[in-house]
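Descriptive analysis of the structure
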Amino acid sequence: MSESKVAEMIVEDGIATITMTRPDRRNAFTQELQDYLSNVVSEITRRDDIDAVVLRGSGGCFSGGGDIKGMLKNQPKDGQPGADYRKRFYAINDWIQRLRNLEVPVIAAVDGAAYGGGFALALCADFVLCSPTARFCSVFCRIGAVPDCGIMYVLPRMIGMQRAKEIMYTGRPVFAEEAKEIGIAFAVHPADELLDAAMTLAKRLQLASRKSLALTKRITNQSLDLDSQSLLEMEAAAQEICFNTDYNRDAVARFTRKEPLLFNWES
């Protein structure tokens with residue numbers, strides 16, 4: 001278990017549950033939370049006993065996004081230049097990208113607000129499950145800022161350019177049912193069933209080949225930026241790796257013997 005006063009990670013039966021634990025601050029992106037998430041992503045990358053990740057907030061809020069109070073402390077004073085924001089965002093983008101590319105399935109369980117950076121954080125997941133009270137908002141335009149934490153890359157690829165621009169330009173909230181309809185959310189569950197639904201999905205994915213899922217995720221995350229030939233080259237290389245795993249050999253043997261496969265989504 002890895003914990004701090006802003007978040008904690010509990011690993012049980014191969015599933016890491018990361019919970020942001022400052023609902024009184026709307027689980028804001030304080031520097032402490034950012035440092036914690038960066039460190040915990042590195043820890044998950046090193047460990048072989050974690051097959052899936054569930055990311056959630058607490059107290060009826062996923063994350064309200066940026067730490068506005070912290071930002072005010074860094075505003076320019078008396079004509080002096082403010083903090084080097086670019087360096088700050090290079091650091092954020094580093095761990096955001098590592099989270100997005102973790103070689104295990106990541107499931108976001110969003111209850112309540114996912115605003116600004118919290119919205120971007122949810123979009124790092126492979127699957128976004130949410131409660132009926134969930135609301136996603138690219139709030140940046142309200143404070144004269146641009147969408148950050150990679151949301152300008154991910155959102156247009158998820159829901160299309162025109163719809164993504166409308167959400168980013170207006171800063172309006174997208175509520176649960178619309179989020180599901182347009183492809184931000186994978187499913188909507190009652191709040192008291194949300195964590196169980198996320199854990200069930202994680203447990204089902206545990207039965208798949210870890211190597212196969214890792215390679216599929218790596219390539220798919222790059223697929224919209226690749227030409228067809230590059231994609232086929234990556235596919236061929238990945239398939240050679242998979243065909244040489246014990247998991248694949250066992251699955252082929254089971255198939256030829258007409259035995260049940262270890263991983264069968266329908267069953």
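Here the structure is a predicted model, which means the values were calculated and not measured.

**Observations regarding the layout of surface pockets**
If you add up the space inside the largest pocket, you get close to 680 Å³. What lines the largest pocket is a set of 27 residues, among which A125, D126, M158, T220 and N221 lie closest to the centre. When contributions to the lining of the largest pocket are tallied by element, the ones reaching two or more residues are β7 (127-130), α5 (151-159) and α9 (210-222). A per-element tally of the lining of the largest pocket places α9 first, with six residues. Taken together, the residues of the lining of the largest pocket break down into 17 nonpolar, five polar and five charged.

**A few points about the pairing of strand β2 (residues 7-12)**
For β2 and strand β3 (residues 15-20), the ladder comprises six bridges, and the chain directions are antiparallel. Bridged to V11 within β3 is A16. Linking two consecutive strands that pair antiparallel, namely β2 and β3, is a turn of two residues; a positive phi of about 55° is found at D13 within it.

**Some points on the environment of Q222**
Residue position: Q222 is located in helix α9. In this structure Q222 comes out as partly exposed when scored by relative accessible area, which is 33%. Polar side-chain contacts of Q222 include one of 3.2 Å to the backbone oxygen of R218.

Analysis parameters
Each chain has its residues counted from 1, running along the sequence as written. Selection of residues for local features in this predicted model requires a pLDDT of at least 70, selection of side-chain atom pairs for listing and counting requires 80 or more, and totals for whole chains, interfaces and linings are taken over all residues. No hydrogens and no water enter the side-chain calculation; it runs on all heavy atoms of the structure. Grid points spaced at 1 Å over the protein atoms alone were grouped into cavities, where a 1.4 Å probe fits but cannot get out, and pockets, open sets with protein on both sides within 12 Å along at least five of seven lines, with lining residues defined by an atom within 4 Å of a point. Grid points are joined across faces, edges and corners, and a volume is the space filled by probe spheres set on the points. By the criteria applied, helices consist of DSSP H or I runs no shorter than four residues and strands consist of E runs no shorter than two, each listed in order from the N terminus. Three classes are used: nonpolar for Ala, Val, Leu, Ile, Met, Phe, Trp, Tyr, Cys and Pro, charged for Asp, Glu, Lys and Arg, and polar for all others, with Gly counted as polar. Whether two strands pair depends on DSSP finding at least two bridges between them. Relative accessibility under 20% of the residue-type maximum defines a buried residue, over 50% an exposed one, and the middle range a partly exposed one, all with a 1.4 Å probe and only protein chains included. Here a polar contact is taken to be a pair of N or O atoms separated by no more than 3.5 Å, where protein atoms must pair a possible hydrogen donor with a possible acceptor and residues adjacent in sequence count only if both atoms sit in side chains.

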